[in-house]
Amino acid sequence: MRSAAITATAVPPPTRRLYRPREHRVIAGVAAGIARHLGISVTAVRIALVLLLGFNGLGLLLYAVFWAVLPLQAPTGVTPRRDLVLLLPFGAIGLGVVLLQALVSSDNGVAGTVGWLVAVIAVGAGVIWHQSDPTRRSQWTDGASQTPWLAAVVAESDRRSFVFRFIGGGVLVAVGVIGVLAVFLPKGNLTTVFNGVIFALVGLLGVGVVVAPLLWRTFSQLRSEREGRIREQERAEVAAMIHDQVLHTLALIQRNSTDIKEVQRLARGQERSLRNWLYKPAASPTERFSAALEQAAAEVEDTYAISVETVVVGDTQCDERVAALVAAAREALVNAARHAGVRTVSLYAEVEDDELSVFVRDRGAGFDLNAVEDTRHGVRGSIIGRMQRHGGKAVIRSEPGDGTEVRLTLPASRDSVAAGKENAR
Amino acid sequence: MTETAAEEGRRLTVFLVDDHAMFRAGVRAELGVHVDVVGEASSVAEAVARIAATEPDVVLLDVHMPDGGGRAVLDAMRRTHPQVKFLALSVSDAAEDVIGLIRAGARGYVTKTISPDELAAAVRRVADGDAVFSPRLAGFVLDAFAARPDVPVADPELDQLTNREREVLRLLARGYAYKEIAKELYISIKTVETHVSNVLRKLQMSNRYELSRWAADRRLV
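Looking at an unreviewed UniProt entry, one finds chain B named DNA-binding response regulator, with Couchioplanes caeruleus subsp. caeruleus as its source organism.

As recorded in an unreviewed UniProt entry, chain A goes by the name Phage shock protein C (PspC) family protein, listed as coming from Couchioplanes caeruleus.

What follows is the structure in C-alpha cells.
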C-alpha cells in the first residue's frame, strides 16, 4: 500500500480543497481525500474509520456522509482501477471491532442496532444518489464512443451493474427502515412510538436531503451538458470545414507545387470559399442576383484559372430575366478569360431602382466586333441575342490593344426590385 | 503644410504594422526596392511608440491585430501626427473592416493579394495626398451611400455623393484607372483625384446617423 507521503510527492494536489481523488481509492476515495486534505497517512484515516464502526456504526455513517458531500476530483489522465484486495484487511479489522463491541457491551443492544441501521440507510441513499448521476447515465447510453479515462470509470459500472447498484441501494434503505421499525414496534409503549415517529421524520428528512440536491444536480448538469454540446457542435463545424476544404487544398498544393498555375487556381478557390464562409451570409444562387453572379464568377475563375474581381452593389431577387442577365455576364467572363489573355477581369454589377447593370471589363487583346463571323455564337447569340430576348441591351466596346468592356443593362420589373429591396432590409 | 518626399527629392519612408513577422519580411523585401522601410511593429502599443519616433511618410497598417487592430493605431496617431498617412493593408475585404478603417482616417485600403508594383504605386499615391480606391472599396462606398429617398438624411450636404462622384466611383468599381476615367468623363486626371478625395472626406466625416444606418442595414449592430 502506498503511503500519503509518496502520494504527496508523486502527485502534488493543485489546491488544498477537500475532494475525492480518482486514484488511490478503495471504495469511493473518501479516506484518501481526507488524508490528502489533512496531510496525514491515508492508512491512519482508514483505520480510524474502521475503528469508528464500533461506535454504533459511526464509521459507516461518516463514510456515507463524506461520500455524498465531497465532489469527485476532475479527471486527470488515466485513472487506475481500484484495487479491491485492499478492502480485505480493513474488512477484517472492521469485523473484529464489531464482534469485540458485541462481546464487551451487549447491554446497549437497541441503540447500537439503530445506529447500524441508520448507517445502512445512509449508505443505501448514498448508493442511489451516486448512481442517479445523469452524466454517468448518458455515458452508459453512449455506448462505444468513450474516451480512455471514461472507460476506467465505466468499466466498473455498465448498465447492468447500474441497475444492480440502484436496486441494492434501495434494498439497503428499505432494510434499514424496516429494521428501525422492527426494533421499536414490539415494545409498544408511548415513548417508543414517539421515537418511531421521530425516526420516520428523520428518515423522510433524509429522503428529502437525498432527492433535492439530486434534482438540482440533474438540472444543472443537463444545462451544462447542453452548453457543452453547442460548443462542441460549433467546433465540429469549423473542424469539418477546415478538413473538407483547407486541408485538402493544402495537400493538393503540396503535390502540385511545381505547377504554378494549378497552385494559384487552388489557392484562389480556397481563398474565395473561406471568405464566403467567414464574412458572407449564405445566399442561394437561384434566389439572389448577387449570389448568382458570384457563383458564375467563381466557376469562370476555377475553369480558366484567372481571377475575377467581383463587385456587386445592391441586390435583388432572381427571376427568369435576371437569370438571363447572369448567364450573359457569365458568357462575357468566359470570352474575356479565353480570348483576352489577361490574368484579371473586372465584374461590376449594380442594382438600381429602374435598372440592373453588369459590366465585364478586361485590359486584354480586344477584338473587332465587325470582324467576328456570323457563325460564331458566343457574342451574338449568348450575349447580345439573349439580352434582347429579355428586353435588355448589350453594348460591347472593344478596341484592339485596349481591352474589352461588355455592358449589360436590364430594365427592372417593378415588383422584383421592390421585393429585393424588402429582402435586403 | 509639410513638404512631401517627392518635393524634397528623397525616398519615401514607410513603416509596417502587422502582427505576422513573415508578412512584414515579405513586404519589406518587396517594397525595399522602391522606398525606405524605416520600421516595423507587431502590436498597437509598439506601433504608436515607434511611429511617433520615426515619423514616416506612410504607415502600412494591418486591420486585425490581437490587441485592438489598425483602428486603435489610427485613433491614437491621427491627432498627434496628422502629417503621417495611413494605408490599410489587410487580408480581410469585409465591408465593415474596409469602411471602418477609412472612416477612422486611413487614406486607402488594399488587400494583401496586391502585387508588389501595385502596392508601391499605392504607397506613392497615398504619400502624395491622394486616396487609393480599389474597385471593391468603391463598391462598398456606393453601397454605403446608396440613395434611399424614403429615409430622411440629417445633413444632405455632407452625407450625399454628387452625381459626378458617383460616376467616378462606378467607373473605379468597373476596373477603370484614373486616366481612363478622365478620358471617359472628359475631365482632367486632377479632377478625378479631387472627386475621389472628396468621396474619402465624406466617408470620414459623414455623421453617426448615416454610419449607424449603414451598419444596421447590414445587421452589423
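Novice: Hey, could you run me through the interface of chain A and chain B in this one?
Specialist: Interface size is commonly expressed as the accessible area that is lost once the parts come together. With 24 residues of chain A at the contact, the number on the chain B side is 23 residues. Summed over the shared surface of chain A and chain B, the result is seven salt bridges. Among the ionic pairs, Arg397(A) bridges to Glu184(B), the shortest N-O distance being 3.4 Å. Of all elements in the fold, only helix 11 (260-279), strand 1 (307-313), strand 2 (344-351), strand 3 (355-362), strand 5 (403-411) and helix 15 (414-424) of chain A reach the threshold of two or more residues within the side of chain A that touches chain B. Among the elements that make up the side of chain A that touches chain B, the one with the highest residue count is strand 1 of chain A (five residues). By residue class, the composition of the side of chain A that touches chain B is seven nonpolar, four polar and 13 charged.

Novice: Please explain the UniProt feature "modified residue: 4-aspartylphosphate" (unreviewed entry) in chain B as it appears in this structure.
Specialist: Residue and element names in this part refer to chain B. Annotation from UniProt places "modified residue: 4-aspartylphosphate" (unreviewed entry) at Asp-62. Mapping Asp-62 onto the fold places it in the loop between strand 3 (58-61) and helix 4 (70-80). Those residues in contact with Asp-62, other than ones at most four positions away along the chain, are Val-17, Asp-18, Asp-19, Gly-69, Gly-70, Leu-89, Ser-90 and Lys-112.

Novice: How should I be thinking about the side chain of Arg268(A) in this particular structure?
Specialist: All names here are of chain A. Position of Arg-268 relative to the elements: it lies in helix 11. No salt bridge is formed by the buried Arg-268; its nearest oppositely charged neighbour, Glu-301, is found at 5.0 Å. In contact with Arg-268, other than residues within four places in its own chain, are Glu-301, Ala-305, Ile-306 and Ser-307.

Novice: Honestly, the packing of aromatic side chains in this entry has me stumped. Any pointers?
Specialist: Any two aromatic rings considered together are summarised by their centre-to-centre distance and by the angle between their planes. Summed over the entire model, instances satisfying the criterion amount to one aromatic pair over all chains. The interplanar angle of 25° and the centroid separation of 6.1 Å between the aromatic rings of Tyr348(A) and Phe359(A) together place this pair among those described as stacked. Here Tyr348(A) is found in strand 2, whereas its partner Phe359(A) is found in strand 3, with eleven residues between them in sequence. Each member of the pair Tyr348(A) and Phe359(A) is classed as buried. Seen from the ring of Tyr178(B), Arg125(B) lies directly overhead, with NZ or CZ sitting 4.3 Å from the centre. Against the face of Phe359(A) rests Arg174(B), its NZ or CZ located 3.6 Å from the ring centre.

Novice: What am I meant to see in the sheet that holds strand 3 of chain B here?
Specialist: Either a parallel or an antiparallel arrangement is found when strands of a sheet pair, and the pairing is made through backbone hydrogen bonds. Residues and elements named next belong to chain B. Spatially, five strands are ordered 2-1-3-4-5 in an open sheet, and the strand pairing comes out parallel. Every other strand in the sheet has two partners, leaving strand 2 (36-41) and strand 5 (108-111) as the edge strands with one partner each. Sheet twist, expressed as the mean angle between neighbouring strand axes with direction ignored, is 25°. Running at roughly 155° to strand 4 (residues 85-90), helix 6 (residues 116-127) makes contact with strand 1 (13-17), strand 3, strand 4 and strand 5 of the sheet.

Novice: When you look at a nonpolar patch on the surface in this model, what are you seeing that I'm missing?
Specialist: Residues and elements named next belong to chain A. A surface patch of nonpolar side chains, amounting to about 610 Å² of accessible area, comprises Val-238, Ile-242, Leu-247, Leu-250, Trp-277, Leu-278 and Tyr-279. Those elements that provide at least two residues to the nonpolar patch are helix 10 (190-255) and helix 11. The element contributing the most residues to the nonpolar patch is helix 10, with four residues. Along the chain, Tyr-279 turns up in helix 11. Take Tyr-279: its relative accessible area is 33%, and that puts it in the partly exposed class.

Novice: Just checking my understanding: could you explain the pairing of strand 4 of chain B for this structure?
Specialist: Residues in a regular strand project their side chains so that they alternate between the two faces of the sheet. Residue and element names in this part refer to chain B. Most of strand 4 sits out of view: six of its six residues are buried. With burial as the criterion, each face of strand 4 is covered, one bearing Lys-85, Leu-87 and Leu-89 and the other bearing Phe-86, Ala-88 and Ser-90. Note that strand 3 and strand 4 share four bridges and pair parallel. When the bridges of strand 4 are listed, Val-58 appears paired with Lys-85. Of the crossover connections in this fold, the one passing from strand 3 over helix 4 to the parallel strand 4 is right-handed.

Analysis parameters
The written sequence of each chain sets the order in which its residues are numbered from 1. Written order decides the labels, with chains lettered from A and ligands numbered from 1. Only residues with pLDDT of at least 70 are given local features in this predicted model, and only at 80 or more are side-chain atom pairs given and counted; all residues enter the totals for whole chains, interfaces and linings. Note: side-chain values were computed over all heavy atoms of the structure, leaving out hydrogens and water. Two residues form a contact once any of their heavy atoms are found within 4.5 Å. When a carboxyl oxygen of Asp or Glu is within 4 Å of a side-chain nitrogen of Lys or Arg, the pair counts as a salt bridge. Helical segments are the DSSP runs of H or I of at least four residues, strand segments are the runs of E of at least two, and each set is numbered from the N terminus. Three classes are used, and their members are as follows: Ala, Val, Leu, Ile, Met, Phe, Trp, Tyr, Cys and Pro are nonpolar, Asp, Glu, Lys and Arg are charged, and the others, Gly among them, are polar. UniProt positions are given in the numbering used here, feature names are shortened, and annotations may be inferred rather than shown by experiment. Residue exposure (1.4 Å probe, protein chains only): buried if accessible area is under 20% of the type maximum, exposed if over 50%, otherwise partly exposed. Only four residue types enter the tally: Lys and Arg on the positive side, Asp and Glu on the negative side; His and the chain ends are excluded. Centres within 6.5 Å make a pair out of two Phe, Tyr or Trp rings, where for Trp the six-membered ring is used; the pair is then stacked when the planes are under 30 degrees apart, edge-to-face when over 60, and tilted otherwise. Geometrically, a charge over a ring is one whose NZ (Lys) or CZ (Arg) sits within 6 Å of the ring centre while staying within 35 degrees of the ring normal. At least two DSSP bridges between two strands are needed for those strands to be called paired. Every axis in this analysis is a line fitted to C-alpha atoms, fitted for helices over the stretch in contact. Angles between the N-to-C directions lie between 0 and 180 degrees. Like-charged residues within 9 Å of one another, or nonpolar side chains (Val, Leu, Ile, Met, Phe, Trp, Tyr) within 5 Å, are grouped into patches, provided each residue has over 30% relative accessible area and no salt bridge. Each accessible area is a Shrake-Rupley result for a 1.4 Å probe, and residues are judged covered by the shown protein chains and nothing else. Look down the strands so they point away from you; if the path from the first strand over the helix to the second goes clockwise, the crossover is right-handed.

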